[in-house]
Amino acid sequence: MDSTTPPTQPRAHRAELCHCQVSSILPRLSFALSHTATATLPAAFSDLLPHFQVEPVDEYIVKNKPVTLTCRSTPATQIYFKCNGEWVHQDDHLIERTVDPATALPVMQVTIDITRQQVEKIFGLDEYWCQCVAWSTTGTQKSQKAYIRIAYLRKNFEEEPQGKEVALDQEVLLRCHPPEGVPQAEVEWQRNEDVIDPASDPNFFITTDHNLVIKKARLADTGNYTCVAKNIVARRKSTSATVLVYVNGGWSTWTTWSSCSAVCGRGWQKRSRSCTNPTPLNGGTSCEGQNIQKSACVATCPVDGGWSEWSKWSACGADCSMWRSRECTQPSPGTGGKDCQGLDLQSLNCTSEQCPQSECTTTHILGAEDVALYVGMVAVALCLTLLLIVVVLVYRRKKEGLDADVADSSILTTGFQPMGIKPSKPENSHLLTIQPDLTTTTTSYQGTLRSRHDTTGKFSMTNGPLLDPLPNGSHTLHNGKLNSDPAEFVSRLSTQSYFKTLPRDVANTSYGTFNFLGGRLTIPNTGISLLIPPEAIPRGKIYEIYLTVQRKEDLRLPLAGCQTLLSPVVSCGPPGVVLSRPVILSMDHCSDACLDNWAVRLKKQNYEGAWEDVLLMGEELVSEPYYCQLEAETCRLFSEQLGTFALVGESLHMGAAKRLRLVLFSDAYCSTLEYNIRVYCMDDTQDVFKEVMQMERQLGGRLIDEPHVLLFKDSYHNLRLSIHDMPLAHWRSKLLAGYQEIPFYHIWNGSQRYLHCTFTLERLSLSTCELTCQLCVWQVEGEGQSFSLDFNIAKVTLSITAPLAGPSAFQIPYLIRQKICSSLDAPCPNGADWRMLAQRLKLERHMSFFASKASPTSVILDLWEAQHFHSGNINQLATVMADIGKQEAMIFLVSDGEC
């Protein structure tokens, strides 16, 4: 039998079965088949076509279990299955014949089994399908095709959910792509092994592509989430994804301001808040900002009452008495002040014709007033006598001092000529020659240096050189550098107890040996210097003095509340040396120099290592050993003691601002497509900039733009940086976020001297070298600044250097300085004294401080030297002296050759 012919049918009948009609070319075979079928059917239904009551449907083979296909038709004489175009063998059919009780028509049902092996024979070529064909005497009918597939479900998910940490009320999206399978797997989600039903909890939503969406994250949504895929074959679970819902802390409302700490005058008041609205949970960030806020306040002082003047006596009355009164109105008591003490009404007997005894009374009163007058006159006489004695003593002492120090006044009228100081004993000839050389350059030290075994004798003035030349073998100093090795000096000092906390950084340390002539120490490119005025070191003493800048990480300053470090930590020493007058320590600061916004304190480290407040700016006392002048970018500290100092500022309100310096670096050579720009954020002081420059030089970096200054306010807001307006045809950013952020407290209270962030860019071609863009810097909810960048990444930018320049330690020669002081220290009736000098130099704010010193003029000149060492014009000072009316101005009009 042919495989294309239904069982028991002749070969010629294939066309009739395929076209479902009787073939005209085989009339006899068709007639015979129709005649046979008609014989078995009632005559009334002999012309009906087969009708399918049950047709085969799609099936899945699970593992190795065969599937059964069923086909039922009425009226039908024969039913056969055809699978993938091939007739199924008659022996594989299971036939069941019945009669429909309602219509009396014959019903025929045929079933076959399909195995996995049958389907796998054509796997990959086409899908396996089966179809049944039913015959009747009238014709044939075909059923629908039923597809048989092998069911499976792979083990690995194409995409599994990933764990997330999300903030409260934030939307969460968990992705899931189930494994490949037939039939396609159904997906459900579980949280902690419990099935999630979006119908019962509308906060969950499952998308058509099987992703889970949590509309608003709640604390209860924290848990392990699992994506479950299942079909008729298997059930697969993804790895669990942990969702952690955290709560960022929030500030409560501020409490009311406390009462002022001062009963009278300026004080402080504070208010507080707590990080409980809400409280941080599950690793949420704590509240940014301060929990305590301080503000300056002024308490109204209590006013004690004061009496007014007595009124005039009343006329003598009939009772031989007269009256006068006063009132408690100058001032009236207020704000809890005391009332006036004493009587407000006074009576006195008077003399009249009705009072003959009044004459004695009056005489008694007048006698008492005379005694008081005589006592007062004696007291005044004694005071005048004592004052006269004091004036005579002061005059004699001053005259003796002038005679001992200055013996020749010809320098005031003949211009500056070299003068000599010779020791009274011939063996004391180890002094340096001091000749002002306006062409030399000083780097780390200027001053005088003497050998260890020198002793100072009595000096007298002559017309020879200023000092005798040094004999052979004495110590000398050239261009401000000692002949000894700096490392040897540091190692020697490290053995001393006062040097234990000093860093061994020779590059940031300056040192030298000084006598009474003074000098200057400078740390290059840091803005830090120490001026040792003449006579600050007592005569006969020689000190080896050092100056160094400390690292912030080496010394931890105790900062609290709104406090922030405004200056470098500077050490000068050794501590405990005896000074006759203040030295001047100059260092940069980074405040906005507005004392209305700040409470600036000078801190000093004691011998135990603890930090103490020694000065509050604006409330200096002239009796204290420290005094500060705060300029726009520099602090000048007058100190009678050496030690470790730092400026700490406490902001009084959010208007206080620090100056930050933004510096941009990149790699000196770039041979890849990636290009990094490093943006440093640091305090606007020269010492930090120098440190960053040294570090970048070691890393092979280069400066790509001039530093920029930014005001950073105490607003608790972070600093954000971003790069915009790049040429997209040549460059693109590799950052995922639109900006980078530096936390507020890392800048305000952080112990790091500098912070930086890196912007990674990518050029689309190695031939691209030009880069133009905008760097935007701003505080959150604040105004920002934008800087334009335009540079070539292939060119090398030279480093910024700041050479230290200056002819010598002092611009004013020592002897001329003494003459100026003797001329201006004495009070002048027309005001042409040190007070006018301070006014012309715009230093009148420090009048009380200058007046407290033995020589106000010398302190003024010390401050002028400290301020104008790099840029001072000595002729300008000469002009000021000429305006005052002093002939000493002529001493400045000296050419370089004359000096």
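Going by an unreviewed UniProt entry, the protein carries the name Netrin receptor UNC5 and comes from Lates calcarifer. What UniProt states about the protein under its Sequence similarities (unreviewed entry) heading is, verbatim, "Belongs to the unc-5 family."

### Observations concerning the pairing of strand 18 (residues 223-230)
Side-chain positions along a regular strand alternate between the two faces of the sheet. Counting buried residues in strand 18 gives 6 out of 8 residues, a clear majority hidden from the surface. Of the pairings in the sheet, the one linking strand 14 (residues 186-191) to strand 18 comprises 6 bridges and is antiparallel in character. Across the sheet, the residue bridging to V187 is A229, located in strand 18. Direction of pairing for strand 18 relative to strand 20 (residues 241-246): antiparallel, over a ladder of 3 bridges. Paired with Y225 across the bridge in strand 20 is A241. Bridge count between strand 18 and strand 19 (residues 235-237): 3 bridges; the pairing is antiparallel. When the bridges of strand 19 are listed, K230 appears paired with R235. Counting the residues in the hairpin turn of strand 18 and strand 19 gives 4 residues.

### Thoughts on the packing of aromatic side chains
One pair of aromatic rings is described through two measures. These are the centre distance and the angle between the planes. Tallied over the full model, the rule gives 14 aromatic pairs. Aromatic side chains F712 and F744 sit 5.5 Å apart centroid to centroid with 25 degrees between the ring planes, which places their arrangement in the stacked category. Residue F712 is found in strand 43 (residues 708-713), and its partner F744 is found in helix 8 (residues 744-748); the two are separated by 32 residues along the sequence. Its relative accessible area of 0% is what places F712 among the buried residues. Using a relative accessible area of 1% as the deciding quantity, one classes F744 as buried. Through a chain of ring-to-ring contacts, three or more aromatic side chains come together here, namely W598, F712, F744 and W748. Looking at R539, its charged tip hangs above the ring of F516, at a distance of 4.3 Å from the centre. One residue, R661, lies across the ring of F689, its end atom 5.0 Å from the ring centre.

Criteria and cut-off values
Residues numbered from 1 in each chain as written. Predicted model: local features only at pLDDT ≥ 70, side-chain atom pairs only at ≥ 80, totals over all residues. Heavy atoms only, no water. UniProt positions renumbered as here; feature names shortened; annotations may be inferred. Buried < 20%, exposed > 50% of the residue type's maximum accessible area, 1.4 Å probe, protein only. Helix = DSSP H or I, 4+ residues; strand = E, 2+ residues; numbered from the N terminus. Pairing = 2+ DSSP bridges. Phe/Tyr/Trp six-rings, centres within 6.5 Å; stacked < 30°, edge-to-face > 60°. Lys NZ or Arg CZ within 6 Å of the ring centre and 35° of its normal.

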